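Observations on the three-dimensional arrangement
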Amino acid sequence: MFSANLSAIFYLISGVLFILALRGLSSPETSRQGNLFGIIGMVIAITVTFISIGNFSNGFIYVLIFLLAGGFVGAFIAYKIPMTAMPELVAGFHSLVGLAAVFVALSAFLNPEAFNLGTPGNIKIGSLVEMSIGAVVGAITFSGSIIAFLKLQGIMSGAPITFKGQHPLNALILVSIIILTYLLCSTQSSNLFWMLLTISFLIGFLLIIPIGGADMPVVISMLNSYSGWAAAGIGFTLENTALIITGALVGSSGAILSYIMCKGMNRSFFNVILGGFGATDQSTDSSSKEQRPVKSGNADDAAFLMKNASSVIIVPGYGMAVAQAQHALREMVDTLKKNDIKVSYAIHPVAGRMPGHMNVLLAEANVPYDEVFELEEINNDFANADVAFVIGANDVTNPVAKTDPQSPIYGMPVLDVEKCKSVLFVKRSLSPGYAGIDNDLFYKENTLMLFADAKKMTEDITKNL
Amino acid sequence: MEIDPFIFRLSIFILSIFIGYYVVWSVTPSLHTPLMSVTNAISSVIIVGAIIAGLAGKSTSIFNTSSIYGFLAIFLAAINIFGGFLVTQRMLAMYKKKKKDK
């Protein structure tokens with residue numbers, strides 16, 4: 001049996017180890033060590049909890065059974081999941097944190113004695129507020145992540161779902177959450193607690209359905225942040241330092257990622273959250289423009305252009321993930337390198353469906369990370385490069401963002417692909433990207449469109465090199 | 001007058017937000033996906049609360065409503081802990097530098 005002070009010190013140590021785990025991610029070399037710190041921190045936290053309770057009765061066996069069952073499922077998923085499915089996986093994991101927070105809050109509400117919070121019907125007001133916050137945010141995280149998961153998985157359409165009175169309805173629900181929390185604190189009624197949970201699940205669902213598929217990088221970071229705040233809320237209830245520190249870390253981490261993603265799209269956070277982007281001005285755009293000529297080519301032309309180049313920049317996007325073309329791409333690059341052609345990769349902050357999505361896929365295909373560059377690092381190099389190979393990206397290369405103040409993506413930072421001597425654009429058709437706007441790059445003098453599946457086209461080019 | 005322990009916890013919370021802010025800004029953008037999966041794993045330290053809840057049942061009735069929620073939460077959090085750390089490890093193992101021998 002540990003004294004409360006001793007276990008508090010151990011929780012503090014595990015909190016510090018979690019900070020070091022995030023710190024390790026500042027470079028790939030230290031990242032593996034960081035992950036190890038995280039694991040040690042978790043082991044300490046769990047062990048200390050067992051020892052400080054000191055109740056090794058029959059219940060202990062069941063705790064172990066559930067722990068190992070969950071661990072087995074988690075390990076199985078972690079080894080089986082393909083890297084292209086990372087966004088879905090992360091969304092799914094967020095939902096589990098959210099639901100776990102709800103369950104812990106529920107059980108603290110039903111059996112407050114176990115947590116030293118008072119007796120049922122007579123819980124300390126402060127703890128009640130804290131557990132309500134944890135439960136509400138947890139419920140929002142849960143249902144929001146489920147929707148994000150369904151959209152990413154393609155089970156639900158990625159198109160934004162909007163209806164009349166959506167914003168007033170959301171506002172109404174948010175206000176009633178506050179009122180219910182207040183009522184809950186004064187009456188301690190369990191019915192109110194259930195009601196609070198129900199409308200929180202509902203608002204999580206309503207908040208995410210109007211957000212389109214390509215805004216998922218923001219949504220997923222935002223839900224990451226929520227799961228942190230939910231954990232922090234529970235941490236206050238349980239008076240547990242490790243949980244408070246972790247919640248704050250995760251909360252601010254998710255918030256920063258959302259900010260970076262919004263900046264990558266030049267949109268305000270509220271603009272993304274209010275949703276409905278890309279569904280508005282599509283019709284006017286396509287009718288007003290007459291067909292403009294495009295140059296299209298085949299794998300042979302592309303191979304010829306690249307063979308005569310001395311430097312090539314590759315611009316991957318979500319389409320590469322969909323086509324699973326990363327391995328084929330790396331093989332193409334290997335062939336290019338054998339011909340003494342300098343190759344680098346340019347990654348836009350919002351390429352893909354989650355922060356860093358492209359980097360993981362390229363790493364999976366054995367692309368060394370020091371050949372992969374962020375927008376600011378590489379944007380000046382396009383002017384000196386011979387060929388830009390755009391594979392599965394679209395809006396992030398659109399020069400309209402720099403030239404046309406009328407465009408919905410005006411002001412968004414884009415890759416200066418058009419400055420290359422020639423541009424190879426792999427795409428299945430001329431259809432616009434998610435922003436619903438035409439890409440001027442298609443019609444440029446120096447652009448060659450390669451209409452094909454990204455993976456097949458890349459393989460064909462390799463054969464022709 | 002004595003200070004409410006809540007204030008101490010609040011201080012830890014606020015200071016941790018600042019630590020998180022500076023630490024996360026120093027994370028390299030290429031590791032943003034592992035950052036998300038590892039934050040996922042560490043936020044499952046909520047399992048601490050779940051274990052307390054699970055063990056709160058009396059020896060005569062291990063499964064009462066409150067401890068069942070505890071057990072469920074243990075299960076969910078354990079998926080996240082193992083899944084989160086292992087998938088992060090799997091990802092990080094893929095990040096390699098250019099071979100020097102070229």
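Residues numbered from 1 in each chain as written. Chains lettered and ligands numbered in written order. Predicted model: local features only at pLDDT ≥ 70, side-chain atom pairs only at ≥ 80, totals over all residues. Heavy atoms only, no water.

With that settled, consider empty space enclosed by the protein. Within the structure shown, the criterion is met by two cavities of 30 Å³ or more. When its volume is computed, the largest cavity comes out at roughly 50 Å³. Looking at the largest cavity, the residues that line it are A:Asn359, A:Leu362, A:Ala363, A:Val367, A:Tyr369, A:Val372, B:Ser30 and B:Tyr95. A per-element tally of the lining of the largest cavity places helix H15 (residues 357-364) of chain A first, with three residues. Taken together, the residues of the lining of the largest cavity break down into six nonpolar, two polar and no charged. (1 Å grid on protein atoms, 1.4 Å probe; cavity = no way out; pocket = protein on both sides within 12 Å on 5 of 7 lines; lining within 4 Å. Points joined across faces, edges and corners; volume = space filled by probe spheres on them. Helix = DSSP H or I, 4+ residues; strand = E, 2+ residues; numbered from the N terminus. Nonpolar A, V, L, I, M, F, W, Y, C, P; charged D, E, K, R; others polar.)

Attention now goes to unusual backbone geometry. Residue and element names in this part refer to chain A. A positive phi angle is found at Asn266, which is not glycine, with a value near 55°. Looking at the secondary structure, you find Asn266 in the loop between helix H9 (241-264) and helix H10 (269-274). Take Asn266: its relative accessible area is 41%, and that puts it in the partly exposed class. Unusually for a residue other than glycine, Asp340 sits at a positive phi of about 60°. Among the residues examined, Asp340 registers a relative accessible area of 70% and is labelled exposed. (Buried < 20%, exposed > 50% of the residue type's maximum accessible area, 1.4 Å probe, protein only.)

Locating A:Trp229 in the fold gives a position in helix H8 (residues 216-238). Sequence-distant contacts of A:Trp229, that is, excluding residues within four places in its chain, are made with A:Val137, A:Gly247, A:Ala248, A:Gly251, A:Ser252, B:Phe13 and B:Ile17. (Contact = heavy atoms within 4.5 Å.)

A cluster of nonpolar side chains, A:Tyr259, B:Leu10, B:Ile14, B:Phe18, B:Tyr21, B:Tyr22 and B:Trp25, forms an exposed patch at the surface whose accessible area comes to about 730 Å². The leading source of residues in the nonpolar patch is helix H1 (residues 5-25) of chain B, at six residues. On the secondary structure map, B:Leu10 appears in helix H1. A relative accessible area of 31% places B:Leu10 in the partly exposed class. (Patch = residues over 30% accessible without salt bridge, like charges linked within 9 Å, V, L, I, M, F, W, Y side chains within 5 Å. Areas by Shrake-Rupley, 256 points an atom, 1.4 Å probe, with all protein chains shown as cover. Salt bridge = Lys/Arg side-chain N within 4 Å of Asp/Glu carboxyl O.)

Should pLDDT be low for a region, the predicted coordinates there are not to be read in detail. Within chain B, residue pLDDT values average 88, and 90% of them lie at 70 or more. The least confident element of chain B is helix H3 (residues 47-54) of chain B, whose mean pLDDT is 90; the most confident is helix H2 (residues 32-43) of chain B, at 94. (pLDDT = per-residue confidence, 0-100.)

Let us look at the nonpolar core. All names here are of chain A. Counting 186 residues, the largest nonpolar core has Ile314, Phe382, Phe389 and Ile461 as its most contacted members. At 16 residues, the largest contribution of residues to this core is made by helix H4 (residues 86-110). If we skip the residues at most four places from it in the chain, Ile314 touches Leu329, Met332, Val333, Val343, Ser344, Tyr345, Ala346, Phe389 and Ile391. In this structure, Ala232, Phe236, Ile244 and Ala248 belong to the second largest nonpolar core, which totals five residues. (Core = buried A, V, L, I, M, F, W, Y, C linked by side-chain atoms within 4.5 Å.)

Of the residues lining the interface, 77 residues belong to chain B; the matching set on chain A comes to 104 residues. Where chain B abuts chain A, roughly 8,400 Å² becomes buried across the two surfaces, and 78% of that area is made up of carbon and sulfur atoms. Contact with chain A buries area across many residues of chain B, yet B:Met36, B:Ile46 and B:Leu55 alone supply 9% of it, more than any other trio. Notably, a salt bridge pairs B:Arg9 with A:Glu239, separated by 3.5 Å at the nearest N-O pair. Across the chain B-chain A interface, the total number found is 14 residue pairs in polar contact (both at pLDDT 80 or more). When contributions to the side of chain B that touches chain A are tallied by element, the ones reaching two or more residues are H1, H2, H3 and helix H4 (65-92) of chain B. (Buried area = accessible area lost by both parts, 1.4 Å probe. Polar contact = N/O pair within 3.5 Å; in protein donor to acceptor, adjacent residues only side chain to side chain.)

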